[in-house]
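# Geometric and topological summary
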Amino acid sequence: VQLVESGGGLVQPGGSLKLSCAASGFTFSRFSMSWYRQAPGKGRELVAAITSTGGTTNYADSVKGRFTISRDNAKNTVYLQMNSLKPEDTAVYYCNARNTVTGRLYWGQGTQVTVSS
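So, here is what we can say about the structure in this document. As the structure is a computational prediction, the values presented were derived from the model and not from experiment.

Tallied over the full model, the rule gives 1 disulfide. Covalent S-S linkage joins Cys21 and Cys95, the inter-sulfur distance amounting to 2.1 Å. One quick way to see it: the torsion about the S-S bond of Cys21 and Cys95 is about -80 degrees, and its sign makes the bridge left-handed. On the criterion of sequence distance, the pair formed by Cys21 in strand S3 (residues 17-24) and Cys95 in strand S9 (residues 91-99) is long-range, its members being 74 residues apart. Look at Cys95 and you get buried, because its relative accessible area is 0%.

This next bit is on the side chain of Asp89. Of note, Asp89 is situated in the loop between strand S8 (77-82) and S9. Assessed through its relative accessible area of 1%, Asp89 is described here as buried. Of the polar contacts made by the side chain of Asp89, one reaches the side chain of Arg66; its length is 2.7 Å. With residues up to four places along the chain from it excluded, the contact list for Asp89 reads Arg37, Arg66, Phe67, Ser84, Val113 and Val115.

In this section: the packing of aromatic side chains. By the definition in use, this model includes 5 aromatic pairs. When the centroid spacing of 5.3 Å and the interplanar angle of 40 degrees are considered together, the rings of Phe26 and Tyr106 count as tilted. Placement of Phe26 in the loop between S3 and strand S4 (31-38) and of Tyr106 in strand S10 (residues 105-107) is noted, with a sequence separation of 80 residues between them. Phe26 gets classed as buried once you look at its relative accessible area, which sits at 14%. Residue classification places Tyr106 among the buried residues on the basis of a relative accessible area of 16%. Put simply, the rings of Phe26, Phe28, Phe31 and Tyr106 touch in pairs and so form one group of aromatic residues. In this structure, Lys18 packs its charged tip against the face of Tyr79, placed 4.7 Å from the ring centre. Positioned above the aromatic ring of Tyr94 is the side chain of Arg44, whose terminal nitrogen or guanidinium carbon lies 3.8 Å from the ring centre.

Here is what the cut-offs are and how they apply
- Residues numbered from 1 in each chain as written.
- Predicted model: local features only at pLDDT ≥ 70, side-chain atom pairs only at ≥ 80, totals over all residues.
- Heavy atoms only, no water.
- Disulfide = S-S within 2.5 Å.
- Helix = DSSP H or I, 4+ residues; strand = E, 2+ residues; numbered from the N terminus.
- Buried < 20%, exposed > 50% of the residue type's maximum accessible area, 1.4 Å probe, protein only.
- Polar contact = N/O pair within 3.5 Å; in protein donor to acceptor, adjacent residues only side chain to side chain.
- Contact = heavy atoms within 4.5 Å.
- Phe/Tyr/Trp six-rings, centres within 6.5 Å; stacked < 30°, edge-to-face > 60°.
- Lys NZ or Arg CZ within 6 Å of the ring centre and 35° of its normal.

This is how it looks when you write it as structure tokens:
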């Protein structure tokens, strides 16, 4: 099982980034997917989630209207489009997969997002 995040980097405030998480080794379409983040000295927090079919999404209040989660089940990939980035969005972003039946969890290794001028 692998979840490989990509797309992180350094961006100025107000800028945009698109994160990708490529999944392999499990039946992607049976898993809900989420993005979490962890800032230095803070706990890991849920940023956005999407159901296995992509029909329902949820967002943390802090990112509503700025971030969009989506998935492509044909490509076994989940995305996080991040717009209007703020310095407080700086964190390591992790991809998470949860089996909708068993609750089994998988995590990616994380990708760093830094918002700074």
